Amino acid sequence: MTMTSACRNVDTQPAANASARRKWSVVEAEALFELPFMDLVFRAQQLHRENFDANAVQRSTLLSIKTGGCSEDCSYCSQSARYKTGLDRQQLMAVAEVVEKAREAKAKGSSRFCMGAAWKGPKEREMETVLAMVREVKALGMETCVTLGMLKGDQAQQLKEAGLDYYNHNVDTAPEYYDKVITTHSLADRLDTIDQVRNAGINVCSGGIVGMGEGRSGRASLLVQLANMDRPPESVPINNLVAIPGTPLADAEKLDPFEFVRTIAVARIMMPGSFVRLSAGREQMSDELQALCFMAGANSIFYGNRLLTTDNPEADRDETLFARLGLRPI
Ligand code: SF4
């Protein structure tokens, strides 16, 4: 298919029709990726404006509440105990310390506080501590989010009762590429946790990482997987791989920045009602590239100076960028 015919044939229905829309196919998603860049970004921006305030970006702060020593083998992750990444392990933080960090984040303009723990899944005693964190952060008037790995039994329900607003659990990559990245737990395990979160009435935050060698069709397939969920995730983090020395993906070839912008734009078109979050890899992006991502439909960022274990732009740099672009926090 030529660029021009792809341009004519691609169906990008707005959100009003989205729920009635038939499921996306990978071929359709690939056709979006193949649009001329300006056409793709323009379509994404049109849909963005139909569904959101195009000059407002939601800001979340992410805190690692338990760092490193994870039993799993996710090939991109500095926190896996299997790779020598030089990361300092930290036990689960105390509740008071976490609440203090949340207070600071709120004072700097974050509306949501995300707490991440490097676990395959939380044990009962750890859950008690996390539930207390959720209750107390919620009491500050912030939205709460946690990422704790796989949930069992009634853990999702317990989190809901504690006041949890969002649970992050990424599908990570295309289904057909999944076992090249992770072997210690399956995609089905992940989807099961996402189902439990959904059934407990908690908003789903789920996205993936690009630049892991998945290719364009892999990126298309990742987005199809997310968009075709019974209800697409409310929040879709798109991470650009930060290649960490010591991990199996340390030497992964860098993704063309325009391909990253295309991924954001296709995510916006396929999930017009979801917040699309510019996540890991933002530190390495120029202000101009970030602006292009906002133009393509990204409307959420992590804010603050650490994104779990990788650097994230300092809040001051974000403030300056927001001012230069006339963006407002949500
Ligand atoms: S991504 Fe999560 S589950 Fe995978 S190794 Fe890192 S901390 Fe563990």
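Treat the numbers as computed from the prediction; the structure is a model and nothing was measured.

## What about the overall build of the protein chain?
Move 1: In terms of regular secondary structure, the protein chain is built from 13 helices and 12 strands.
Move 2: For the protein chain, with 330 residues in total, the buried portion stands at 58%.
Move 3: Of the roughly 14,200 Å² that the protein chain leaves accessible, carbon and sulfur atoms contribute 50%.

## Examining unusual backbone geometry
Move 1: The phi angle at D172 is positive, at roughly 75°, despite the residue not being glycine.
Move 2: With respect to the helices, strands and loops of the structure, D172 is situated in the loop between β4 (166-168) and α8 (178-181).

## Let's talk about the site of the ligand
Move 1: Around the ligand, the structure places C70, E72, C74, Y76, C77, S80 and A118.
Move 2: Class assignment for the residues of the shell around the ligand results in 5 nonpolar, 1 polar and 1 charged.

## Some details on the state of the cysteines
Move 1: Under the definition given, this model contains 0 disulfides.
Move 2: Left unpaired, C205 is separated from the closest cysteine sulfur, that of C145, by 5.3 Å.

## Points about the pattern of salt bridges
Move 1: Counting across every chain of the model gives 14 salt bridges.
Move 2: A salt bridge links E100 to R103; the nearest nitrogen and oxygen atoms lie 3.2 Å apart. In this pair, E100 and R103 are both assigned in helix α5 (residues 95-107), 3 residues apart and thus about one turn of the helix distant.
Move 3: Judged by its relative accessible area of 39%, E100 is partly exposed.

## Quick word on a negative patch on the surface
Move 1: Together, E124, E128, D154 and E161 make up a region of like negative charge exposed at the surface.
Move 2: Along the chain, the position of D154 falls in the loop between β3 (143-147) and α7 (155-162).
Move 3: We classify D154 as partly exposed; its relative accessible area is 47%.

## What about the pairing of strand β8 (residues 275-278)?
Move 1: Side chains F275 and R277 of β8 all project onto a buried face; the interleaved residues V276 and L278 project onto the opposite face, where all are buried too.
Move 2: In the sheet, strand β7 (residues 235-240) pairs with β8 via 4 bridges, with the strands oriented parallel. Residue pairing for β8: V236 is matched across the bridge by V276.
Move 3: Taken together, β7, helix α11 (residues 257-270) and β8 form a β-α-β motif whose crossover is right-handed.
Move 4: Where β8 lies against strand β9 (residues 300-302), 2 bridges are found, and the strand directions are parallel. Paired with R277 across the strands is S300, a residue of β9.
Move 5: This β-α-β element, β8 to helix α12 (residues 287-295) to β9, shows right-handed connectivity.

## Quick look at the packing of helix α6 (residues 124-139) against α7
Move 1: Contact geometry for α6 and α7: axes closest at 8 Å, N-to-C directions at 30°. With respect to their mutual orientation, α6 and α7 come out roughly parallel. Note that α6 runs across α7; the crossing there is right-handed. Of α7, the residues touching α6 (which contributes M127, V130, L131, V134 and R135) are Q155, Q158, L159 and A162.
Move 2: Here the residues of the contact of α6 with α7 are counted per class, giving 6 nonpolar, 2 polar and 1 charged.

About the thresholds
- Residues numbered from 1 in each chain as written.
- Predicted model: local features only at pLDDT ≥ 70, side-chain atom pairs only at ≥ 80, totals over all residues.
- Heavy atoms only, no water.
- Helix = DSSP H or I, 4+ residues; strand = E, 2+ residues; numbered from the N terminus.
- Buried < 20%, exposed > 50% of the residue type's maximum accessible area, 1.4 Å probe, protein only.
- Areas by Shrake-Rupley, 256 points an atom, 1.4 Å probe, with all protein chains shown as cover.
- Near = heavy atom within 4 Å.
- Nonpolar A, V, L, I, M, F, W, Y, C, P; charged D, E, K, R; others polar.
- Disulfide = S-S within 2.5 Å.
- Salt bridge = Lys/Arg side-chain N within 4 Å of Asp/Glu carboxyl O.
- Patch = residues over 30% accessible without salt bridge, like charges linked within 9 Å, V, L, I, M, F, W, Y side chains within 5 Å.
- Lys, Arg positive; Asp, Glu negative; His and termini not counted.
- Charge placed at Lys NZ, Arg CZ, Asp CG, Glu CD.
- Pairing = 2+ DSSP bridges.
- Right-handed = clockwise from strand over helix to strand, strands pointing away.
- Axes fitted to C-alpha atoms, helices over the stretch in contact; angles between N-to-C directions.
- Parallel < 35°, antiparallel > 145°, perpendicular 65-115°, else oblique.
- Left-handed = near helix turned anticlockwise from the far one by under 90°.
- Contact = heavy atoms within 4.5 Å.

Structural measurements only, silent on function.
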